[in-house]
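As a plain string of letters, each chain reads:
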Amino acid sequence: RVKDFLESFNLDSLAMVGTLEQNGSLWALVRDPNGGIHRVTLNNYIGKNPGKITAASPTQISLVEIVGDGLGGWVQRPRTIKLSEKE
């Protein structure tokens with residue numbers, strides 16, 4: 001598969017800044033470290049450890065990253081990105 005743009009950033013450098021609904025689908029809005037805003041939804045990937053979005057709500061994004069286990073194998077690691085506080 002072709003990598004999504006937000007896979008070029010560390011997950012910790014991305015921030016959820018809002019949501020929008022379009023054609024009955026919920027999209028989460030994510031800010032990259034350069035200030036760009038991107039919309040993501042279920043099954044999109046974000047972060048350098050391929051993090052597949054498994055759920056999105058108005059307050060958080062849930063995803064599962066695939067990371068090395070240090071023994072030559074791989075393990076799935078659940079992560080969440082919560083909606084950022086207003087600045």
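Coordinates for the structure precede this section.
Residues numbered from 1 in each chain as written. Predicted model: local features only at pLDDT ≥ 70, side-chain atom pairs only at ≥ 80, totals over all residues. Heavy atoms only, no water.

**Student:** Explain the sheet that holds strand S4 (residues 45–46) here, please?
**Tutor:** Strand pairing in a sheet is mediated by backbone hydrogen bonds. Such pairs are either parallel or antiparallel. Taken in spatial order, the four strands make up an open sheet running S4-S5-S6-S7, and their pairing is antiparallel. The two strands at the open ends of the sheet, each matched to only one other strand, are S4 and strand S7 (74–82). Direction of pairing for strand S5 (residues 51–56) relative to strand S6 (residues 60–68): antiparallel, over a ladder of five bridges. Looking across to S6, one finds that Lys52 is bridged to Val64. (Pairing = 2+ DSSP bridges. Helix = DSSP H or I, 4+ residues; strand = E, 2+ residues; numbered from the N terminus.)

**Student:** Can you walk me through the environment of Leu29 in this structure?
**Tutor:** Along the polypeptide, Leu29 turns up in strand S2 (residues 25–31). Among residues more than four places away in sequence, those in contact with Leu29 are Ala15, Met16, Val17, Gly18, Thr19, Leu20, Ile37, His38 and Arg39. (Contact = heavy atoms within 4.5 Å.)

**Student:** Teacher, can you tell me more about the nonpolar core here?
**Tutor:** Nonpolar side chains in soluble globular proteins generally cluster together in the buried interior. Formed by 13 residues in total, the largest nonpolar core has its most connected members in Leu6, Leu14, Val40, Ile46, Ile61 and Ile81. Those elements that place two or more of their residues in this core are S2 and S6. Ignoring any residue separated from it by four or fewer positions in sequence, one finds Ile61 in contact with Met16, Ala28, Val30, Val40, Ile53, Ala55, Ala56, Arg79, Thr80 and Ile81. (Core = buried A, V, L, I, M, F, W, Y, C linked by side-chain atoms within 4.5 Å. Buried < 20%, exposed > 50% of the residue type's maximum accessible area, 1.4 Å probe, protein only.)

**Student:** Just checking my understanding: could you explain the environment of Arg39 for this structure?
**Tutor:** Mapped onto the fold, Arg39 is located in strand S3 (residues 37–40). Judged by its relative accessible area of 42%, Arg39 falls in the partly exposed class. Along the chain, Arg39 and Leu20 lie 19 residues apart, while their C-alpha atoms are 8.5 Å from each other. Here Gln22 takes part through its side chain, which lies 2.4 Å from a polar atom of the side chain of Arg39. (Polar contact = N/O pair within 3.5 Å; in protein donor to acceptor, adjacent residues only side chain to side chain.)

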